Amino acid sequence: MANSMEYRTLGRTGLKVSALAFGCGDVGGLMVRGAPVERERAIARAVELGINYLDTAPSYGSGESEKNLGVVLRALRPPVIVGTKCRLSTADLADVPGALARSVENSLALLGRGRLDLFHLHNPIARVRSERRIGVADVLDQVVPALTKLQEQGKIRFFGVTALGETGALHRALASGAIDTAQVCLNLLSPTVAHVVPAGYPAQDFDQLAVLAREQGVGTIGIRVLAGGALSGETARHPIAIPAVDPIASGPDYATDAARARAFAPLVAEGYAASVVEAAFRFALSTDAMSTVLIGTSDLAQLEFAAAAAAKGPLPAPAIDRLRALWAELATTK
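The rules we used
- Residues numbered from 1 in each chain as written.
- Predicted model: local features only at pLDDT ≥ 70, side-chain atom pairs only at ≥ 80, totals over all residues.
- Heavy atoms only, no water.
- Helix = DSSP H or I, 4+ residues; strand = E, 2+ residues; numbered from the N terminus.
- Rg over C-alpha atoms; globule rule 2.2 N^0.38 Å.
- Buried < 20%, exposed > 50% of the residue type's maximum accessible area, 1.4 Å probe, protein only.
- Contact = heavy atoms within 4.5 Å.
- Areas by Shrake-Rupley, 256 points an atom, 1.4 Å probe, with all protein chains shown as cover.
- Lys, Arg positive; Asp, Glu negative; His and termini not counted.
- Charge placed at Lys NZ, Arg CZ, Asp CG, Glu CD.
- Salt bridge = Lys/Arg side-chain N within 4 Å of Asp/Glu carboxyl O.
- Core = buried A, V, L, I, M, F, W, Y, C linked by side-chain atoms within 4.5 Å.
- Pairing = 2+ DSSP bridges.
- Axes fitted to C-alpha atoms, helices over the stretch in contact; angles between N-to-C directions.
- Parallel < 35°, antiparallel > 145°, perpendicular 65-115°, else oblique.
- Left-handed = near helix turned anticlockwise from the far one by under 90°.
- Nonpolar A, V, L, I, M, F, W, Y, C, P; charged D, E, K, R; others polar.
- Disulfide = S-S within 2.5 Å.
- Polar contact = N/O pair within 3.5 Å; in protein donor to acceptor, adjacent residues only side chain to side chain.
- Phe/Tyr/Trp six-rings, centres within 6.5 Å; stacked < 30°, edge-to-face > 60°.

### Let's talk about the overall build of the chain
Within the chain one finds twelve helices and twelve strands. In terms of overall dimensions, the chain is globule-like: its C-alpha atoms have a radius of gyration of 19 Å, near the 20 Å expected for 334 residues. Each principal axis of the C-alpha atoms in the chain carries an extent, and together these give about 55 × 45 × 35 Å. In the chain, which comprises 334 residues, the proportion classed as buried is 56%. Within the chain, contacts between residues separated by at least 24 positions form 73% of all contacts whose residues are at least 6 apart in sequence. When the accessible surface of the chain is summed, it comes to about 13,300 Å², and 53% of that surface belongs to carbon and sulfur atoms. Taking the average place of the 33 positive charges on the side chains of the chain and the average place of its 32 negative ones, the gap between the two points comes to 2 Å.

As structure tokens, this is what we get:
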């Protein structure tokens, strides 16, 4: 049976990526805490469904994700695009080229690959450097030249950033023309990378960062499509999932996000989607400013659900109009 997966171009890289990508992170946890047979089965099924981008990072499970993914990649040898990351410590900033080179070599060894397709700086980016954030000047003046050198050496094909931090700094980084890809936060609770929301909306305003990315030829990878699971409206967690999730760019805590998720019930009641979770997947795919959307899974059933939701296609225009009204209500109720 032919798969129904849609493929999009990942910005200037020219890579054709599946609209859904497989996240190997800590939140869903399958590639960190799942049984070996389940991990292999999930990747095999993802490939069967047409998913061709796998995303990991050294920080996921303190290296377990990369190691476990490497085991599966060696066993299955699937025709996939693999991306990983590096989060620089304060000490690393004394030798950015060395730190990035070591991270790349370690990831290559764990993943069993000769070259990384995508490599993302995983630090939040700010106007000026602080203890928790890297400065945008550090990114453009130190990180980019070091990654360009690794690219020239054939260690990485393309590089980008995890686009979290201060909105203005992120716009500057993407407008520089030096960055190939960006992981951007897009979900029903935090829609601002692609949509305008009313003043007072209770989430970070990324000021249509994904639209800027598209204009600059930067490929976009959507993260937190379910707001870490909060868009289920439930606070109970899957046994394999990370027990507690800190929100990114949305509410002050997970419980608040889960409560706010109920504001999207009209999408279901009015027949636009069978559930809020289905609506969330389809919403993330509803903009051409998004190249691919990462799904983090705890089990195979969640993977099947996401693929089935994506196969229904983007939300129709009237549903997006309805969402604007729901966002306006959230902006007034907080």
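Further notes follow.
### Description of the pattern of salt bridges
Inspection of every chain in the model, using the stated rule, returns 19 salt bridges. Across the pair lysine 85 and aspartate 55 runs a salt bridge, and its minimum N-O distance is 2.6 Å. In this pair, lysine 85 is assigned in strand β5 (residues 81–86) and aspartate 55 in strand β4 (residues 53–55), connecting sequence segments 30 residues apart. Residue class for aspartate 55 comes out buried when judged on its relative accessible area of 1%. Notably, a salt bridge pairs glutamate 105 with lysine 155, separated by 2.8 Å at the nearest N-O pair. Highlighted residues: glutamate 105 in helix α4 (residues 96–111) and lysine 155 in the loop between α5 (136–152) and β9 (156–162), separated in sequence by 50 residues. Overall, glutamate 105 belongs to the partly exposed group, its relative accessible area being 38%. The network of salt bridges with common partners includes Arg45, Glu48 and Glu304.

### A closer look at the nonpolar core
Counting 115 residues, the largest nonpolar core has Phe22, Leu88, Leu100, Phe264 and Leu323 as its most contacted members. A per-element tally of this core places α5 first, with eight residues. Those residues within four positions of leucine 100 in sequence are excluded, and the remaining contacts are Cys86, Leu88, Phe119, Val143, Ala146, Leu147 and Leu150.

### Here's the deal with the sheet that holds strand β6 (residues 116–121)
Pairing is parallel in the closed barrel, where eight strands are placed in the order β3-β4-β5-β6-β9-β10-β11-β12. The mean angle between the axes of side-by-side strands here comes to 30°, regardless of whether they run parallel or antiparallel. Examined bridge by bridge, β5 and β6 share four bridges and lie parallel to one another. By the bridge assignment, glycine 83 is partnered in β6 with leucine 118. Along the sheet face, α4 touches β5, β6 and β9 and points at about 135° away from the line of β6.

### Observations regarding the packing of α4 against α5
Contact geometry of α4 with α5 gives a least axis separation of 9 Å together with a crossing angle of 45°. In terms of axis orientation, α4 runs oblique to α5. Crossing angle aside, the handedness with which α4 passes α5 is right-handed. Taking contact as the criterion, the partners of Val96, Pro97, Leu100, Ala101 and Val104 in α4 are, on α5, Gln142, Val143, Ala146, Leu147 and Leu150. A breakdown of the residues in the contact of α4 with α5 according to their chemical character gives nine nonpolar, one polar and no charged.

### Focus: the state of the cysteines
On inspection of all chains with the given rule, the structure shows zero disulfides. Free cysteine cysteine 24: the closest other cysteine sulfur is in cysteine 86, separated by 18 Å.

### Looking at the side chain of serine 250
Within the fold, serine 250 resides in the loop between β11 (219–223) and α8 (254–260). Residue classification places serine 250 among the buried positions, given a relative accessible area of 14%. A distance of 2.6 Å separates a polar atom in the side chain of serine 250 from a polar atom in the side chain of aspartate 257. Beyond its immediate chain neighbours, meaning those up to four positions away, serine 250 contacts Leu189, Pro202, Ala203 and Asp257.

### Quick notes on the packing of aromatic side chains
Tallying each qualifying case throughout the model produces two aromatic pairs. Here phenylalanine 281 and phenylalanine 305 contribute two aromatic rings whose centre-to-centre distance is 6.3 Å and whose plane-to-plane angle is 50°, an arrangement assigned as tilted. Of this pair, phenylalanine 281 sits in helix α10 (residues 276–284) while phenylalanine 305 is found in helix α11 (residues 300–311), placing the two residues 24 residues apart along the sequence. Ring geometry for phenylalanine 283 versus tryptophan 327: centroids 5.9 Å apart, planes at 70°, classification edge-to-face. On the criterion of sequence distance, the pair formed by phenylalanine 283 in helix α10 and tryptophan 327 in helix α12 (residues 317–333) is long-range, its members being 44 residues apart. For the pair phenylalanine 283 and tryptophan 327, a shared accessibility class is recorded, and that class is buried.

### Some details on the pairing of β9
In terms of burial, β9 is a largely internal element, six of the seven residues being buried. Strand direction decides the pairing type here: β6 and β9, joined by five bridges, are parallel. Following the sheet pairing, leucine 118 is matched in β9 by phenylalanine 158. Strand direction decides the pairing type here: β9 and strand β10 (residues 181–185), joined by three bridges, are parallel. The residue of β10 that forms the bridge with threonine 162 is glutamine 183.

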